Amino acid sequence: MRPAYLTLVAFLALWPTLSPCATPADTIPITFSQGRILLPVEVGGQSHRFVFDTGCSCGLLFTDRALPLKSGGLFSFALVSDAAGHVKLTRRKRIADLRIGGMTLKRYPVIVSPPSSMMRQEYDCQGIVGCIGSDLFDKRGQAVKIDVRAGRMVVSSDPSLFAHEEGFRIPFDTDLHVPYVNVKTRADKERRYMFDTGFPGIITVRAKDLLDIDTLDTAVGATNAGIYGRSRLQSIAKIHLDSLSIGGCVFRDITTNVQSSNTSSIGSLLLKYGTVVIDYKHHTLIYQPYAYDHGITIGNQYHHVVLMYDGGSYKVTLVWEDTDAWRRGIRPGDRLTHIDGINIEDTPCAYMNLDMSQDHTLTLVSESGEEKELSIHRIKKEERRPIER
């Protein structure tokens, strides 16, 4: 499931004041969990957990409880669309005192927008209260290096700090501070993809960005969610990409899906295979694969069903038709009740935090009360071998 990113349609605000204690380079500890980059952010002297989401064009709070906020001023509303295409008029405020590493900002502008119950459940399971977007670093011309394996993010006000680092140099442009890169699949021409660390996958593709790609399977359902709810039911195709190239770095053996969305995206799973420097001043990504020689084989497993939190429990929202799950009668609307024989109806975070390195048996109940079982097999370690550029 794809977490929220925000596209700001209208956001009138004064940019915050930067405290003199900002340093040329800060090393910030991060946690990479469920495909999200989680970092500590100090608000009013208390530490909170935020998501760093490059697909988010502005700061975002999911709650304003017990946080020191100020009015956004005369123009204190913004029209915002989420990842699932929902649009909402939301209130703008400013955080009086926000600190990330050694950088302190006064009156940092944010959108205050409580999420849907579905996304609220996911954020609560991970203790997330807000989102830091690309605007924070883009407006200041900073560079950010993300290394999820080492568990750190380095932020520099002097992008030349990373100028001599080795790696694939990938130019990008921005739209409302959000970076977009060119991606090439097969012999197809390069197309524009959002670089979105809020999307916990390797790639998702809109239909018109692919030509002559074989469909592996189809389904009607929902796999996409934003902070205001899940996407509408739609026809979705599963596809296989032999390879794709981003700035000359080749990835191969990728399974993903095609939807009628507005944007194709490269997601946070890119960070599992290497570090990335985002140089907002020079509009350049530097991608540094971990111990690979010019290429990465993904070989990702694609689960037979998608479950999303809805109405107090996790429910099936999509079943691929050419799978054992479909043939065994699993259908959209079936409700998850047990994991490995343990009732989780009162502890929905158990599914969110499921260890996918192990096999599991899920018990589902249909709307008519019929009980069904679904086996989930562990995800094997990625095959790692060099390929030619």
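Below, the structure is looked at part by part. (Residues numbered from 1 in each chain as written. Predicted model: local features only at pLDDT ≥ 70, side-chain atom pairs only at ≥ 80, totals over all residues. Heavy atoms only, no water.)

### Let's talk about the overall build of the protein
On a plain count of helices and strands, the protein comes out with four helices and 33 strands. When contacts within the protein are restricted to residue pairs at least 6 apart in sequence, long-range pairs at least 24 apart make up 65% of them. Accessible area for the protein stands at about 16800 Å²; split by element, carbon and sulfur atoms hold 49% of it. (Helix = DSSP H or I, 4+ residues; strand = E, 2+ residues; numbered from the N terminus. Contact = heavy atoms within 4.5 Å. Areas by Shrake-Rupley, 256 points an atom, 1.4 Å probe, with all protein chains shown as cover.)

### Quick notes on the pairing of strand β30 (residues 335–339)
Two faces make up the sheet, and in a regular strand the side chains alternate between them. Here β30 pairs with strand β32 (residues 360–365) via four bridges, running antiparallel. Across the sheet, the residue bridging to histidine 338 is threonine 363, located in β32. Linkage of β30 to strand β31 (residues 342–343), two consecutive antiparallel strands, is achieved through a turn of two residues, within which aspartate 340 is found at a positive phi near 50°. (Pairing = 2+ DSSP bridges.)

### Considering a nonpolar patch on the surface
Taken together, Phe77, Leu79, Val87 and Leu89 make up a surface patch of nonpolar side chains, about 380 Å² in accessible area. Every element with two or more residues in the nonpolar patch is listed here: β9 (77–81) and β10 (87–100). Counting through the fold element by element, leucine 79 comes out in strand β9. Assessed through its relative accessible area of 33%, leucine 79 is described here as partly exposed. (Patch = residues over 30% accessible without salt bridge, like charges linked within 9 Å, V, L, I, M, F, W, Y side chains within 5 Å. Salt bridge = Lys/Arg side-chain N within 4 Å of Asp/Glu carboxyl O. Buried < 20%, exposed > 50% of the residue type's maximum accessible area, 1.4 Å probe, protein only.)

### Thoughts on the nonpolar core
Among the nonpolar cores identified, the biggest contains 60 residues, and Phe52, Phe137, Ile146, Met153, Phe251 and Tyr287 are the most heavily contacted of them. Non-local contacts of isoleucine 146, meaning those with residues more than four positions away in its chain, are made with Ile30, Ile37, Phe52, Arg152, Met153, Leu271, Thr275, Val276 and Ile278. Counting residues in hydrophobic clusters, the runner-up holds 19 residues, among them Ala325, Ile339, Tyr351 and Ile376. (Core = buried A, V, L, I, M, F, W, Y, C linked by side-chain atoms within 4.5 Å.)

### A look at the state of the cysteines
Within this structure, the stated rule accounts for one disulfide. A sulfur-sulfur distance of 2.0 Å marks the disulfide that ties cysteine 125 to cysteine 349. Across the S-S bond of cysteine 125 and cysteine 349 the torsion is about -95°, and the bridge reads as left-handed. Placement of cysteine 125 in helix α1 (residues 117–126) and of cysteine 349 in helix α4 (residues 349–352) is noted, with a sequence separation of 224 residues between them. (Disulfide = S-S within 2.5 Å.)

### Quick word on the pairing of strand β25 (residues 274–279)
Here β25 lies mainly inside the structure; six of its six residues are buried. Across the two faces of β25 the burial is the same, with Gly274, Val276 and Ile278 and Thr275, Val277 and Asp279 all buried. Sheet topology places strand β13 (residues 143–147) next to β25; four bridges connect them, and they run antiparallel. Each bridged residue has a counterpart across the sheet, and for alanine 143 the counterpart in β25 is aspartate 279.

### Thoughts on the side chain of threonine 297
Along the chain, threonine 297 falls in strand β27 (residues 295–297). At a separation of 2.8 Å, a polar atom in the side chain of threonine 297 contacts the side chain of arginine 252. (Polar contact = N/O pair within 3.5 Å; in protein donor to acceptor, adjacent residues only side chain to side chain.)

### Digging into the packing of aromatic side chains
The final tally for this structure, using the stated rule, is seven aromatic pairs. A centroid spacing of 5.4 Å and a plane angle of 85° characterise the contact between phenylalanine 52 and phenylalanine 137, whose relative ring orientation is edge-to-face. With phenylalanine 52 in strand β6 (residues 46–53) and phenylalanine 137 in helix α2 (residues 135–138), this residue pair connects regions lying 85 residues apart in the sequence. Among the residues examined, phenylalanine 137 registers a relative accessible area of 0% and is labelled buried. Note on phenylalanine 137 and tyrosine 280: the rings are 6.4 Å apart at their centroids and 20° apart in plane angle, and the pair reads as stacked. Of this pair, phenylalanine 137 sits in helix α2 while tyrosine 280 is found in the loop between β25 and β26 (284–289), placing the two residues 143 residues apart along the sequence. An identical accessibility class is assigned to phenylalanine 137 and tyrosine 280; each is buried. Site record: aromatic cluster; members linked through ring pairs are Phe52, Phe137, Phe172 and Tyr280. (Phe/Tyr/Trp six-rings, centres within 6.5 Å; stacked < 30°, edge-to-face > 60°.)

### A closer look at unusual backbone geometry
Phi at aspartate 253 takes a positive value of approximately 60°, unusual for a residue other than glycine. You can see aspartate 253 is positioned in strand β23 (residues 249–259). According to the relative accessible area criterion, aspartate 253 is partly exposed, its value standing at 30%.

Any link to function would need more than the numbers given here.
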